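Commentary on secondary and tertiary structure
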Amino acid sequence: MKVEHSAMANAIRALSMDAVQQANSGHPGMPMGMADVATVLFSKFLHFDPRRPDWANRDRFVLSAGHGSMLLYSLLHLTGYPDMTIGELRNFRQMGAKTAGHPEFGHASGIETTTGPLGQGIANAAGFALAERILAARFGPKVIDHYTYCIAGDGCLMEGISHEAASFAGHLKLGKLVVLFDDNRISIDGPTDLSVSDDQLARFAASGWHVLDCDGHDPKAIEEAIEAAKNDPRPSLVACRTIIGYGAPNKEGTAATHGAPLGADEIAAARTRLDWSAAPFEIPDAVLDAWRLVGARGGARCAAWEETVAGMDRERRDELMRVLAGKLPAGWDKALKAHLDHLVADKPKLATRKASQDAIAVIQPHLPEMVGGSADLTGSNLTRTGGMTPVSAADFGGSYVYYGVREHGMAAIMNGMALHGGIMPFGATFLVFTDYCRPSIRLAALMGIQVIYVMTHDSIGLGEDGPTHQPVEHLASLRAMPGLRVFRPADAVETAEAWKLSVEHRDGPSLLALSRQGTPTLRTRVNDNLTARGGYVMEEASDDAKVTIIATGTEVQTALDARKLLQAEGVPTRVVSMPCTELFDAQAADYRVATLGKDTLKVAVEAAAAWGWERYVGTDGVVIGMDSFGASAPAPELYEHFGITAAHIAAAVRDKLS
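Residues numbered from 1 in each chain as written. Predicted model: local features only at pLDDT ≥ 70, side-chain atom pairs only at ≥ 80, totals over all residues. Heavy atoms only, no water.

1. Points about the environment of Pro-329
Positionally, Pro-329 belongs in the loop between helix H13 (314-325) and helix H14 (334-346). Expressed as a C-alpha distance, the spacing of Pro-329 and His-366, which sit 37 residues apart in the sequence, is 8.1 Å. (Helix = DSSP H or I, 4+ residues; strand = E, 2+ residues; numbered from the N terminus.)

Below you can see the structure in the form of structure tokens.
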């Protein structure tokens, strides 16, 4: 028996309203409104295989409007993803369920990214589409050739990040990106004309997109629109005119359906209106069978792709499998080890941003999956090396992306690239502009994905650009974020070690905070990666230590200078370099106690907000840092003005010991 489109779409509507009602929490309106679009997309276009959810050449589906998560969960259950059981739908928004309030990457197969903060998904989708193009250029279109589809709402398009992502995708002509705009013209406050009157089609067309619209409840019109989008070489925006809460006779088309259960009476009325007589969480056999056939359809395509891969020459096939699995090749760090030996022998005085560029230069040639970039600060961040060629609309074979002044978009696009697989993205701006990147950095940490942030100009040491560009509170704020490793290396050796750790860390993001000003090479040996301990003794006291100075970045040299002053006065002093507090906190307790120096006066020094250092110096210790914004002046004058000098450190120790 042929099952009509309407019955398949109504299965999504029923599951969505029932799950939200049972949870007494959630957003039924969007899934009910976009059920027709999603049914056409999944049944007619999307290439996927629930039995092989990690199939590398599957189409990617991103739900940017993550509040409508029951749309995705319903689709995953109906198409046969084994871990999305009806029990999971019944437990929507409950502790331990895979069906979180907003989709969370890693909770269940088929959830390609974590969404909820509006607009993030559009930028993630641009990252997926860019990764597809880069890998297709590297391994060939017979091996990598798929689309990225994204459902986005009015709120997504209001967010500024959507402008950055749209401009970026249009510039690079990411033609395998299709955004399906849920044009329901309702937001939480009510009709969208309360706050916005943009012509979204004109806006995206101005950014180089192919744009069209359709009736979001007419399956034939939806199919024709998606087909047209696929056949255009530009990224496409399809404005699907929908009714939020479609099928709820008294609430559809209103904000009442957006973020609250419909209520028992309205659900009963909706069942009548939709001609849906099944009990809550029950799907008629014929409808479920029709959906399971949709899920089974991708198996043959997946098998054909596996045959294509099997036919590749062995070296290329092994390399493809390696990068898709996120494995590092044997001997990848041989050149890096030689580089470290040279640093110890030559002892260069370098800004750590320059030391970072030198590390990239010896790492990236051995890891072609590394794709770097900068938000219009390449010459300042020093993220491009001689062998890295630009990615462009004409040539996706490069390894460097010019993101333009789009910091937030860059960070979210990198998330999409990392989630796609086969790419190890790193991107850069000034540390102060992590404020622009922060929502996407947070999501990378929440998802536990490998993205590397190269954040330069890390303190008042950047000098004359002044307090608008001098980060103060940023290190403390970033260290407070769970799952993010923040490195502030003291010299070229620690910088190279931090790069090695970042490349090897597959389960979360890493951030390198790097200096504009030069700093001497302090480390004298590189037998062990001491940065991996998070903190270690850089210089011991000449006798039983009375003082331990803990410092990061360029202030480690300042701490060493203070040590000389104190030692000369008969105060045995040791210096601890603390390049990564997260790694230090993970060490065994006895190591941490020994490193910080039991029964010594502890002094922390960092040209940044003092918050957080009390954990290491204790209530009797001293923290020397910033308690205000910076100023515009040459860097040496700033350090003197704010009291972050060897003389000030020594004076603080004398006062404390007296």
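2. Describing the pairing of strand S11 (residues 424-430)
Judged by how many residues are buried, S11 sits mostly within the fold: seven of seven residues are covered. Bridging between strand S9 (residues 370-374) and S11 involves three bridges; their strand directions are parallel. Bridged to Met-370 within S11 is Met-424. Summarising the sheet, S11 and strand S12 (residues 452-456) pair through five bridges and their orientation is parallel. Within S12, the residue paired with Thr-429 across the bridge is Met-455. The parallel pair S11 and S12, bridged by helix H18 (residues 434-447), forms a crossover whose chirality is right-handed. (Buried < 20%, exposed > 50% of the residue type's maximum accessible area, 1.4 Å probe, protein only. Pairing = 2+ DSSP bridges. Right-handed = clockwise from strand over helix to strand, strands pointing away.)

3. Some words on the pattern of salt bridges
Applying the stated rule across the entire model yields 28 salt bridges. Notably, a salt bridge pairs Asp-145 with Lys-176, separated by 1.8 Å at the nearest N-O pair. Here Lys-176 lies in the loop between helix H7 (160-171) and strand S3 (177-183) and Asp-145 lies in the loop between helix H5 (120-139) and strand S2 (148-153), a separation of 31 residues in the sequence. The exposure class of Asp-145 is partly exposed, given its relative accessible area of 33%. Judged by relative accessible area, which is 17%, Lys-176 ranks as buried. With a shortest N-O distance of 2.5 Å, Lys-220 and Glu-224 are connected by a salt bridge. With Lys-220 and Glu-224 both in helix H9 (residues 219-230), this residue pair falls four residues apart, about one helical turn. By relative accessible area, which is 56% here, Lys-220 ends up exposed. Looking at Glu-224, the relative accessible area reads 47%, which means it is partly exposed. Among the charged side chains, a salt-bridge network with shared partners connects Glu-132, Arg-133, Asp-145 and Lys-176. (Salt bridge = Lys/Arg side-chain N within 4 Å of Asp/Glu carboxyl O.)

4. So, unusual backbone geometry
Positive phi outside glycine occurs at Leu-382, with the angle close to 60 degrees. Tracing the sequence through the fold places Leu-382 in the loop between helix H16 (378-381) and strand S10 (400-402). In this structure, His-457 takes a positive phi of about 60 degrees despite not being glycine. By the secondary structure assignment, His-457 is in the loop between S12 and helix H19 (474-479).

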